[in-house]
Amino acid sequence: MPPPADPTGRVRRFSRVERRVHRTTAWLMLLCVATAACLYVPQLAELVGRRHLVVTVHQWSGLLIPVPLLAGLVSRALRADLCRLGRFGPHDRQWLRAVRRRDRRPGSRPAGKFNAGQKLYAAWIAGAVLVMTGTGLLMWFTGLAPLVWRTGATFVHDWLALAIGIVLAGHMAMALADPEARRGMRTGSVERHWARTEHSLWGESPEKPDLP
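Parameters at a glance
Residues numbered from 1 in each chain as written. Predicted model: local features only at pLDDT ≥ 70, side-chain atom pairs only at ≥ 80, totals over all residues. Heavy atoms only, no water. Helix = DSSP H or I, 4+ residues; strand = E, 2+ residues; numbered from the N terminus. 1 Å grid on protein atoms, 1.4 Å probe; cavity = no way out; pocket = protein on both sides within 12 Å on 5 of 7 lines; lining within 4 Å. Points joined across faces, edges and corners; volume = space filled by probe spheres on them. Nonpolar A, V, L, I, M, F, W, Y, C, P; charged D, E, K, R; others polar. Patch = residues over 30% accessible without salt bridge, like charges linked within 9 Å, V, L, I, M, F, W, Y side chains within 5 Å. Areas by Shrake-Rupley, 256 points an atom, 1.4 Å probe, with all protein chains shown as cover. Salt bridge = Lys/Arg side-chain N within 4 Å of Asp/Glu carboxyl O. Buried < 20%, exposed > 50% of the residue type's maximum accessible area, 1.4 Å probe, protein only.

Residues other than glycine seldom take positive phi values, yet Arg-50 does so here, at roughly 45°. For Arg-50, the position within the fold is in the loop between α2 (42-48) and α3 (51-64).

Before going further, it helps to examine the layout of surface pockets. Its boundaries defined by the atoms lining it, the second largest pocket holds a volume of some 680 Å³. As for the second largest pocket, its lining consists of 29 residues, and the residues nearest its centre are Cys-32, Ala-36, His-58, Met-132 and His-157. Every element with two or more residues in the lining of the second largest pocket is listed here: α1 (16-40), α3, α7 (116-140) and α8 (147-176). Element by element, the count of residues in the lining of the second largest pocket is highest for α7, at 8 residues. Tallied by class, residues from the lining of the second largest pocket come to 20 nonpolar, 7 polar and 2 charged.

On the surface, Val-131, Phe-155, Val-156, Trp-159, Leu-162 and Ile-166 cluster together to form a nonpolar patch covering roughly 620 Å² of accessible area. Here the element with the most residues in the nonpolar patch is α8; it accounts for 5 residues. Checked against the element boundaries, Phe-155 lands in helix α8.

A few words on the pattern of salt bridges. By the definition in use, this model includes 7 salt bridges. Lys-113 is the salt-bridge partner of Asp-81, the closest N and O atoms lying 3.0 Å from each other. In this pair, Asp-81 is assigned in helix α5 (residues 76-85) and Lys-113 in the loop between α6 (90-100) and α7, connecting sequence segments 32 residues apart. One exposure class covers both Asp-81 and Lys-113, and it is buried. Lys-119 is paired through a salt bridge with Asp-92; the nearest N and O atoms lie 2.9 Å apart. Taken together, the residues span a long stretch of sequence, with Lys-119 in helix α7 and Asp-92 in helix α6 at a distance of 27 residues. Lys-119 gets classed as buried once you look at its relative accessible area, which sits at 3%. Given the relative accessible area of 0%, Asp-92 is considered buried.

And the structure:
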């Protein structure tokens, strides 16, 4: 069955809980990245000062990043979308092949509620957050592991932080290039034409989650 539409003909895409989880997580992530930049870029460190405060904000914003998602699991809509994000089917491989060939013909990039790029981004960022949390705890609580472990954790943490910054910049650039996608995250609904064009399989069996 097709995704539900509201009285104005727009398609409901995200629930209120999902939008709040996304917004809160985004602000925490940006705060974490911004404070990291202030710690590692000398010019910013000198401009901002108050290093101890910046370190504290960085540590706690990093630890809090998973909290909105965990709290949002009470929402059935969020759990259903997590199931969709975790499923990779033949249409997703076709989408990736079309992107690699820069094929923009109608129908060349089939997608359910989330396309293959969004699924890969979600999986990557979730793994990166787990690694950053683990390495950050080793750096924060120095008694948890020997020096060689903490040295390795620092190396991984620093370089992965740079990678996260680059990936987040790309994510925001793609969002800026798609006003309707942004509107869907801001208001919870999108135009039916956009949904049919960008997510033609939305609501069909390849994307249907199995929830109790």
